[in-house]
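Breakdown of the fold
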Amino acid sequence: MLPREKLINEGVENLSTEELLAILLRTGTKDLDVLKLSKNLFETFDKSLKKISTASIDELCKVKGLGTVKAVTILAAMELSKRYLLEDRKGKFLNSPELIYEHCLDMKHFEQEVVRVISLNSKLHEISTKDITIGLTDTSLAHPREIYREAIKNSASYVVVVHNHPSGDVRPSKEDRELTLKIKKAGEIIGIKLLDHVIIGNGFYSFKHNKLL
């Protein structure tokens, strides 16, 4: 049974990843049918949708049988899935480090250090989430003005700062501690409270939970 027919008859959840990719690819080549082409694509990127989603068009086109049109279709589908996840997160109640961690699970897989600002209303519901800096592999700098610029723009009552450690070690560095103190002091002056600073890696570290806020 072809992937499209299987989807119609059995439901989309019963298709393998290769079969779903085959539907996006639509056709194969004279040497490869579409299922073999989708399998080659999936295996080329270590059976990782994340690696496919971060690949360039040129990298995708290196897969035999994959041209520009098919590569563009794959990247468009990946981008739609990312936007769906962002839309799904909107307005969540974030009153604990566990919920913040779940809200920002995507950061666990980032290869560079990213600082994310979450603006919250007075009832601790998310107003907006924005990545403000992207650093090198193991370092990233942020300044309170960039963090509070977002919070002020969104008329936030609270702000949560989240950043990831690509190494996986969530223990805060000296710089992390100093930045947290600066953000807290700036918030006291502005009137927007720093609710928490969470580091994401293999698990998470919460400054609030560890009574450093």
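Remember, it's a predicted structure, so these values are computed and weren't measured experimentally. Position numbers for residues start from 1 in each chain and track the written sequence from start to end. Reporting of local features is limited, given that this is a predicted model, to residues whose pLDDT is at least 70; pairs of side-chain atoms are given and counted only at 80 or more, and all residues count toward the totals for whole chains, interfaces and linings. Calculation of side-chain values draws on the structure's entire complement of heavy atoms; hydrogens and water are dropped beforehand.

Note: domain ranges come from an automatic or database domain assignment. On domain assignment, one finds that the chain holds domain 1 (3–88) and domain 2 (92–206). When each unit is reduced to the centre of its C-alpha atoms, the spacing between domain 1 and domain 2 is 33 Å.

Let us look at the nonpolar core. Put simply, a nonpolar core is a bunch of buried Ala, Val, Leu, Ile, Met, Phe, Trp, Tyr and Cys residues held in one set by side-chain atoms that sit within 4.5 Å of each other. Only protein chains enter the accessibility calculation, which uses a 1.4 Å probe. A residue is then buried if its area is under 20% of the maximum for its type, exposed if over 50%, and partly exposed in between. The biggest cluster of nonpolar side chains holds 17 residues, and the ones touching the most others in it are Leu-41, Phe-45, Ile-52, Leu-60 and Ile-74. When contributions to this core are tallied by element, the ones reaching two or more residues are helix H2 (17–25), helix H3 (34–44) and helix H6 (68–89). Segments assigned H or I by DSSP are reported as helices when at least four residues long, segments assigned E as strands when at least two residues long, and all are numbered from the N terminus. Sort the elements by how many residues they give to this core and H3 lands first, with 4 residues. Every residue pair with non-hydrogen atoms within 4.5 Å of one another is taken to be in contact. In this structure, Ile-74 is in contact with Leu-21, Leu-24, Leu-25, Leu-41 and Ile-52, ignoring residues within four places of it in sequence.

This part takes up the packing of helix H1 (residues 3–10) against H2. The convention used is that axes are lines fitted to C-alpha atoms, helices contributing only their stretch in contact, and that angles between N-to-C directions extend from 0 to 180 degrees. At a minimum axis distance of 9 Å, the contact between H1 and H2 shows a crossing angle of 115 degrees. In this structure, H1 contributes Pro-3, Arg-4, Lys-6 and Leu-7 to the contact, and H2 contributes Glu-19, Ala-22 and Ile-23. Under the scheme applied here, ten amino acids are nonpolar (Ala, Val, Leu, Ile, Met, Phe, Trp, Tyr, Cys and Pro), four are charged (Asp, Glu, Lys and Arg), and all others, including Gly, are polar. The class makeup of the residues in the contact of H1 with H2 is 4 nonpolar, no polar and 3 charged.

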